[in-house]
Amino acid sequence: MPGDDGYQHDLLVIGGGGAGLRAAIAAAEESNRLSIAVLSKVYPMRSHTVSAEGGTAAVMRENDSLDTHAKDTIFGSDFLADQDVVEVFVKEAPGEVIRLEHWGCPWSRDPDGRVSVRPFGGMTVNRTLYAADKTGFHMLHALFQTSLKYERITRYDEWFATSLLLEDGKVCGVTALMEFVQYHPTGLPGTGILITEAARGEGGHLKNKDGYRYLQDYGLGPPTDTPVHRKMELGPRDILSRCHIQEHQKGRTFDGPDGHYVHLDLRHLGEKLIDKNLPFVRELARNYVGIDPVHEPIPVRPVVHYMMGGISTDITGKTSLDGLYAAGEAACVSINGANRLGSNSLTELLVFGARAGRAAARHAQERPTLRSNPLAQLASDERRRLDQRFLRADGREKIADIREEMQKAMESGCGIYRDRATMEGTCQTLRKLRERFAHISLADKDAIFNTELIAALELECTLDVAETVARSALAREESRGSHTRTDFPKRDDARFLKHSLAYRTPDGPRIEYLPATITRWPPEERKY
Amino acid sequence: MTEETMTLEVTRYRPGHDREPRTESFTVPYRKDWVVLDALNHIKDRIDGTLSYRWSCRMGVCGSCGMMVNGVPKLTCAAFLRDYRPGPIRVGPLANFPVIRDLVIALDDFMEKLRRVKPWIIRAVEKPVADGEYLQTPAQLDAYKQFSMCINCMLCYAACPVYGLEPAFVGPAAIALAYRYNLDSRDEGYRLREPVLAIALAYRYNLDSRDEGYRLREPVLSEAVGVWECTFVGECSVVCPKGVDPAAAIQRSKLAGATDWLLSMIMPWGGRR
Amino acid sequence: MTVPRVERPGLYYPKLPATWWLRNANYFRFMLRELSSVFIALFLVVFLVQLHRLPQGPGAYAAYLDTLRAPGWIIFHVVALAFALYHSVTWFNLTGGLAVPLGWTSISHARMLALAAQPLVKLYLFALIALPLYHWAHRFRFILEDLGLRGLRTPIALLSYGAAVLGTVATLWVLWQI
């Protein structure tokens, strides 16, 4: 009930995407006495899960095994994944995708009525379930619509969480592995809109400006007409992105108004297959680059796609902060290590969303109720902080300027290839941008639907995240997975088979290390 | 060399200050690959930070950015400036909805209707997860697939004059979603969705001399303005950016409802599905 | 609006004007399609009267057909035909008013009486005339509502469906007399 002490619930889920909704449902099923709130800064069906396309991996067929899925994932992570977590992940994945099927998710089907699985990058066996090429959309809508069944889940749509109010003392939150930013090799130039890996899973080819399937020059060959697991276009994303950059350095990419690109050729797949399994790809290419993939190759280039890093959690989703759990892309458990295999993250939402939801529900049941008075005081302090920082009259910096300079600094220092000098430059730029941000000026001072204020709050968070990425990257003196340094080109297990943990300090992030958990797969050379 | 520009005439409405919406003109650079959303973002970043509007994925799958562009409901992330040259382009909030501010409308009514049509799988007995998936052939999937493509952008509500005249109308997207579940071979919830969709079953019980539930159903009947309100204008399907064809879903629901009602009159002992 | 809406303060509630159907071509074509029901209903009345003349003898029948040859009635039939075709090509045969003067078909007293007297044909004629009346009634009711007269829902419904019922009774009475 709303009152002076705010709204009261036993459990609050921040974020109404795939992981958040799955957690809320898991909590509702764990206990029928808990009052659960889902807070989402957009209406849940707008969450970014909706734009995922390719698929959701799980062991479904007799020719597959949990160990194979685990090995593929660990190999793909360049051995930085926590292997005990990966073992739990692959074990719970099949149950989760079936549960989602029971909840109405329209998985594509084989003629006998079983859910279909397709090949995907870095996977040894076909194990990626899919709903045409709008898997994230269908999963999100299935989860959201199912969540409407539960009366004990109350939603707060278009609510933005500004701070966590803590009853005793301050905390510096911990994020892990922030330096690992995944570039997806096939995005459209200009807009950066994603062309799903499934296009390559179905047999698409990547060609340079000479029409040559260049991936064979980088140890991913030999080229075959139909896709072979883990070879050529089904290699892992970090390697494919690096190949693109190297082709560009050799002068073999196309040049366009939005930068260099190569061709993703789907013509040989035929109109019938494209319309059945890749209809969204066709629609996106036509709308945004005016190309019909049935007749012409699509221009593509690597685009920033995913953060392997996130809020550090244990195997149940618990963070270092009592009562706080995290799951999904926002968390780092870690199953993805230094590089994520495509179609593992949608599964991650389900498996760890459920685990974190259940763990949080159990915690809420055992916990005594909080005293509301301190919360009221903390809440009004927060309101005053926001008023003073953002709604002041004497600001002089524009949000868009700071945002664009941050993007430029990150693209230059934390891109696909990195080196010390550029990274240090980026760190310095980010520090300066933080200082400038203190003088941000907002034109919009209204209280109702002030999207400029939200943009400022998000920019503040993004600057924090950018700093942890840059500092962690600078500190990691090796190349592993998606973190590639020209000054340290080799992987260094002796020093760096560890997670980078970033702690907040007034002078910027402090980096510490935590060894990765190795169970049954000792690190080996990562060759495809 | 002067850069080519375009003018956008944007609806503004400031709650508490304006009694009615007004129009403001902005000049933006013309880029041939820009969409109206890019132009709005440029206005917000560089000209007037107070302009409020919704957007998210900018690739036509999240449904956030629906607005009226030259009087037609469109996703502004898919409305290319080049198709409106030389302009000016009128941009307004989605029609038939209450306006919160500028280009932002209130969706509460739609969200409530979404919930009321029970858009989830309803079964008498659930299959244990350990027993695997419900088998569903590609043909069974095709039966409802088209109606599962709705991104909840509500352009169809903006196009529907019935919704404009009668806000209690359940509306195209909600009906299409209910129909999607009714057609899903795994679902058994047709009866439970009927009162909201077609009220035929509710009437049937009201007329039954043994029944005494009239008072309980009265609120549903007067509120649940279901499929029979539709006069098949068909504009919903014209503006739908995802080819869902809600008009077809509604007409087919009418047919299904009428057939079911007739059969229940002729054969009251028989159970449908 | 039949269901009163609770309006929250601060929000702006736009009102759809009664002239909404003039806003674009699709809406306008929709209204024309709806309007076709009026012309079809009028034609049904003309046809019913024609049938009514059958038992009154060849003289009365011929006199009625003579009236239908006036230019105004020809135009009416052309317009009604256009509307019917516009509405649905599968709609029943409206060409009586045009095809007969052109000699495409015969509707002589003798022939028509012979046909219409048969029970099965009467059943067919009943379905042909009475059922579309309900279609008209349904359409007409919504035309009035779509023009914004939602407050008078009940009287409009009574009027439209009531008229269709009256038409059905009239049809039964006319056919009974043949």
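Residues numbered from 1 in each chain as written. Chains lettered and ligands numbered in written order. Predicted model: local features only at pLDDT ≥ 70, side-chain atom pairs only at ≥ 80, totals over all residues. Heavy atoms only, no water.

1. Notes on the overall build of chain A
Part 1 of the argument: In terms of helices and strands, chain A carries 14 helices and 18 strands.
Part 2 of the argument: In summary, chain A has a C-alpha radius of gyration of 23 Å against a globular reference of 24 Å for 528 residues, a match within 12%.
Part 3 of the argument: The buried share of chain A, reckoned over its 528 residues, is 58%.
Part 4 of the argument: A fraction of 75% describes how many contacts in chain A between residues 6 or more apart in sequence connect residues 24 or more apart.
Part 5 of the argument: Looking at chain A as shown, the accessible area adds up to about 20,800 Å², and 51% of this sits on carbon and sulfur atoms.
Part 6 of the argument: Separation of charge centres in chain A, based on 69 positive and 75 negative side chains, amounts to 2 Å. (Helix = DSSP H or I, 4+ residues; strand = E, 2+ residues; numbered from the N terminus. Rg over C-alpha atoms; globule rule 2.2 N^0.38 Å. Buried < 20%, exposed > 50% of the residue type's maximum accessible area, 1.4 Å probe, protein only. Contact = heavy atoms within 4.5 Å. Areas by Shrake-Rupley, 256 points an atom, 1.4 Å probe, with all protein chains shown as cover. Lys, Arg positive; Asp, Glu negative; His and termini not counted. Charge placed at Lys NZ, Arg CZ, Asp CG, Glu CD.)

2. Thoughts on the confidence of the model for chain B
All names here are of chain B.
Part 1 of the argument: Put simply, chain B has an average pLDDT of 86, and 87% of its residues get 70 or more.
Part 2 of the argument: pLDDT under 50 marks residues 199-211. Its contacts with residues more than four places away, or in other chains, come to 19 contacts.
Part 3 of the argument: Low pLDDT (under 50) marks residues 213-223, which in the prediction has 15 contacts with non-local residues, meaning those over four places away or in another chain.
Part 4 of the argument: Quick note on the complex model: pTM equals 0.87, ipTM equals 0.92. (pLDDT = per-residue confidence, 0-100.)

3. Things to note about the side chain of Gln 251 of chain B
Part 1 of the argument: Looking at the element boundaries, Gln 251 of chain B is found in helix 11 (residues 246-266).
Part 2 of the argument: Residue class for Gln 251 of chain B comes out buried when judged on its relative accessible area of 17%.

4. Side note on the packing of helix 2 (residues 66-76) of chain A against helix 3 (residues 83-102) of chain A
Residues and elements named next belong to chain A.
Part 1 of the argument: Following both chains from N to C, one finds helix 2 and helix 3 inclined at 135°, their axes separated by 9 Å at the closest point. Considering the angle they form, helix 2 stands oblique to helix 3. Seen from above, helix 2 lies across helix 3 with right-handed handedness. Residues Leu 66, His 69, Ala 70, Thr 73 and Ile 74 of helix 2 form the contact with helix 3, whose participating residues are Gln 83, Val 86, Phe 89, Val 90 and Lys 91.
Part 2 of the argument: Classifying every residue of the contact of helix 2 with helix 3 gives six nonpolar, three polar and one charged. (Axes fitted to C-alpha atoms, helices over the stretch in contact; angles between N-to-C directions. Parallel < 35°, antiparallel > 145°, perpendicular 65-115°, else oblique. Left-handed = near helix turned anticlockwise from the far one by under 90°. Nonpolar A, V, L, I, M, F, W, Y, C, P; charged D, E, K, R; others polar.)

5. Regarding the sheet that holds strand 5 (residues 89-92) of chain B
All names here are of chain B.
Part 1 of the argument: What the five strands build is an open sheet, ordered 2-1-5-3-4; its pairing is mixed. Each edge of the sheet is formed by a strand with only one pairing partner; in this case those strands are strand 2 (22-29) and strand 4 (72-75). Here the average twist between neighbouring strands, direction ignored, is 35°.
Part 2 of the argument: Where strand 1 (residues 5-12) and strand 5 come together, three bridges link them in parallel fashion. By the bridge assignment, Val 10 is partnered in strand 5 with Val 91.
Part 3 of the argument: Its contacts with the sheet place helix 1 (residues 36-47) against strand 1, strand 2, strand 3 (66-69) and strand 5, and it is angled at close to 95° to strand 2. (Pairing = 2+ DSSP bridges.)

6. A short note on the domain arrangement of chain A
Residues and elements named next belong to chain A.
Part 1 of the argument: As assigned here, chain A comprises domain 1 (11-173 + 344-366) and domain 2 (185-303).
Part 2 of the argument: Taking only C-alpha atoms, the centre of domain 1 and the centre of domain 2 are 28 Å apart.
Part 3 of the argument: With 17 residues of domain 1 in contact, the opposing surface of domain 2 contributes 20 residues.
Part 4 of the argument: Summing both partners gives a buried area of about 1,500 Å² for domain 1 against domain 2, and 52% of it is carried by carbon and sulfur.
Part 5 of the argument: Its largest share of buried area at the contact with domain 2, domain 1 owes to Glu 53, Phe 120 and Asp 133, together 35% of the area lost on that side. (Domains from an automatic or database assignment. Buried area = accessible area lost by both parts, 1.4 Å probe.)

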